[in-house]
Amino acid sequence: MRSVEEQLALITQAAVTPEPVRIAIAEALGMMCAEEVQAQRPLPGFDQAAIDGYAIRAVDVGGERGLGQDPTEPPRATEISLPVVGEVAAGSGRPMRLQPKQAVRVHTGAPLPALSDAVIPLAWTDRGRKRMTALKPVRSGEFVRKQGDDIRPGDVAVTPGMILSPAHIGLLAAVGRSKVLVYPRPRMSIISIGHELVDIDREPSLGQILDVNSYALAAAGRAAGADVHRVGIATGEPRRLREIVEAQMLRSEIIVISGAVGGTGSAPIREILNELGTIDTTRVAMHPGSVQGFGLLGDSKTPVFLLPANPVSSLIIFEMFIRPMVRLSLGKPNTQRRTVRARALNHVGSKLGRRGYVRARLMRDTQTQDYLVEGLGGANGAPAHLLAGLSDANALIRIPENVTQVRPGDIVEVIFLSQT
């Protein structure tokens, strides 16, 4: 029986990073950048007003005394009056030239007239329209955004390997880039196998069950960051099954097949996969989800996962092994979920020799702020395979292989499920 760590190491070694593609920056959030982008022009592109006020020469309002006072401070009268010879709004393309002993009314973001070197805030003046009386001095450069203050030509906006955040997207827009080269989300195909399966828009007959797995696993793949194609139920003779798998090998970096291990009905698909590549079906020292398979298909070495038919087991395997592969392909710094230590509120059982992953509800004590955890599936003798318990869970209790019972008050390790 293989350990969880051994299985995870085997899988992550096969993680693939898709070839870079150039996409619109509006679609690039959270993706790993594949190129260095340098600014070609300064930002701001011109000297502009940082506040509503008057563009002036600092020397004309006693600028030698201006020490950058807070515009909300009570004014100190200087009684220097200058004629207002014009007004410039943000976005104006009309050039203006300031003469000595003159002022121009400017709005925030407006280009400064030539020869002006400061903006005096409205709060420091009498707000005059034809003449402006300065009540406080400013020094040269105050309340002005100088050309290139933010970005200069040649400055690096983003670099390869960087995970693009909202700030990076804004920076790319600021340097005039509408598209960027990124590593795209890995494409994932989800297939369900089983003659007993029917799609959810049909009423199951005696002996039939609804295809839960392809929907649940597709949602898990999208949550992990993959570009998911839900194939749905694959049935038919072996030649048809092979055609379906080969088609997904051409369109996907990861293939997930549920219902492909744990029963005699899964034998045909395993035989087909072994014709296409190397498939290893094994037991992993964990529960639920001990029986699982992993391998590489075709010349492209496409990773394929074989999961049991039980939805809870499949989702736990996805969480422990497939999600880390997706996150690794995306270049995420943290491939594993956050874990905390919490105090158990109820009895939880586990199997000796296997690492338990028990669905749980994680809470916090309002007084001590300590984490508290209540076991759901598998707790107090409850069946571990029921899906309803997983939908109520926001965490998993991870129980070591040598522990068979968690008692109320025991400190346990808990994995967040709600964290992205």
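Residues numbered from 1 in each chain as written. Predicted model: local features only at pLDDT ≥ 70, side-chain atom pairs only at ≥ 80, totals over all residues. Heavy atoms only, no water.

1. Some thoughts on the sheet that holds strand β6 (residues 80–88)
The strands making up a sheet are joined through hydrogen bonds of the backbone, oriented either antiparallel or parallel.
Thought 1: Pairing in this open sheet of five strands is mixed, and the strands run β8-β5-β7-β6-β9 from one edge to the other. On the outer flanks of this sheet lie β8 (118–121) and β9 (131–134), each paired with one strand and no other. Taking each pair of neighbouring strands and ignoring which way they run, the sheet shows an average axis angle of 45°.
Thought 2: Where strand β5 (residues 53–56) and β8 come together, four bridges link them in antiparallel fashion. From the neighbouring strand, alanine 55 faces β8, where its bridge partner is valine 119. (Pairing = 2+ DSSP bridges. Helix = DSSP H or I, 4+ residues; strand = E, 2+ residues; numbered from the N terminus. Axes fitted to C-alpha atoms, helices over the stretch in contact; angles between N-to-C directions.)

2. Comments concerning the environment of methionine 31
Thought 1: Of note, methionine 31 is situated in the loop between β1 (21–24) and β2 (32–33).
Thought 2: Judged by its relative accessible area of 8%, methionine 31 is buried.
Thought 3: Sequence separation between methionine 31 and arginine 57 is 26 residues; the distance between their C-alpha atoms is 47 Å.
Thought 4: Discounting residues that sit within four places of it in the chain, methionine 31 has contacts with Ile23, Met162, Ile163, Leu164, Val182, Tyr183, Pro184 and Arg185. (Buried < 20%, exposed > 50% of the residue type's maximum accessible area, 1.4 Å probe, protein only. Contact = heavy atoms within 4.5 Å.)

3. Considerations on the packing of aromatic side chains
Thought 1: Evaluated as defined, the whole model comprises three aromatic pairs.
Thought 2: Relative to phenylalanine 143, the ring of tryptophan 124 lies with its centre 5.5 Å away and its plane at 90°, an arrangement referred to as edge-to-face. Of this pair, tryptophan 124 sits in the loop between β8 and β9 while phenylalanine 143 sits in the loop between β9 and β10 (144–145), and the two are 19 residues apart along the sequence.
Thought 3: We classify tryptophan 124 as buried; its relative accessible area is 0%. (Phe/Tyr/Trp six-rings, centres within 6.5 Å; stacked < 30°, edge-to-face > 60°.)

4. Here's the deal with the nonpolar core
Thought 1: Membership of the largest hydrophobic core comes to 34 residues, with the highest contact counts inside it found for Met188, Val256, Met286, Phe305, Met320, Phe321 and Tyr357.
Thought 2: When residues in this core are grouped by element, the largest group, 10 residues, is from helix α6 (residues 311–329).
Thought 3: Among the domains, domain 1 (4–18 + 185–330) and domain 4 (339–416) are the pair contributing at least three residues each to this core.
Thought 4: Sequence-distant contacts of methionine 286, defined by excluding residues within four places in its chain, comprise Val4, Gln292, Ile316, Met320, Phe321, Arg354, Arg355 and Tyr357.
Thought 5: In terms of nonpolar packing, the next biggest core, distinct from the first, is built from 19 residues, Ile255, Ile279, Leu297 and Leu306 among them. (Core = buried A, V, L, I, M, F, W, Y, C linked by side-chain atoms within 4.5 Å. Domains from an automatic or database assignment.)

5. Things to note about the sheet that holds β2
Thought 1: Strand order across the open sheet formed by three strands is β1-β12-β2, with antiparallel pairing between neighbours. This sheet does not close on itself; its edge strands, each paired only once, are β1 and β2.

6. Brief notes about α6
Thought 1: At glutamate 319, α6 shows its maximal bend, which comes to roughly 45°.
Thought 2: Here α6 lies mainly inside the structure; 18 of its 19 residues are buried.
Thought 3: Its side-chain oxygen at 3.1 Å from the backbone nitrogen of valine 312, asparagine 310 defines the N-terminal cap of α6.
Thought 4: Immediately beyond the C-terminal end of α6, within one or two residues, lies glycine 331, with a positive phi of roughly 75°. (Bend = angle between axes of the 7 residues up to and from the residue. Polar contact = N/O pair within 3.5 Å; in protein donor to acceptor, adjacent residues only side chain to side chain.)

7. Side note on helix α5 (residues 267–276)
Thought 1: Every buried residue of α5 is listed here: Ile269, Ile272, Leu273 and Leu276. The buried residues of α5 occupy an angular sector of 100° when the element is viewed end-on, so they sit on one face. In α5, the exposed residues that point more than 90 degrees away from the buried face are Glu271 and Glu275.
Thought 2: In this fold, the buried residues of α5 make contact with β13 (187–193), α4 (238–251), β17 (254–258), β18 (277–283), β20 (291–297) and β21 (302–307). (Arc of directions from axis to C-beta.)

8. Points about the pattern of salt bridges
Thought 1: One pass over the full model with this rule turns up 16 salt bridges.
Thought 2: Between glutamate 243 and arginine 240 there is a salt bridge, and its shortest N-O distance comes to 3.6 Å. Linking glutamate 243 with arginine 240, this pair stays in helix α4, spanning three residues, or about one helical turn.
Thought 3: Residue glutamate 243 is classed as partly exposed on the basis of its relative accessible area of 37%.
Thought 4: Here the salt bridges share partners, and the residues they tie into one network are Glu5, Arg355 and Glu401. (Salt bridge = Lys/Arg side-chain N within 4 Å of Asp/Glu carboxyl O.)

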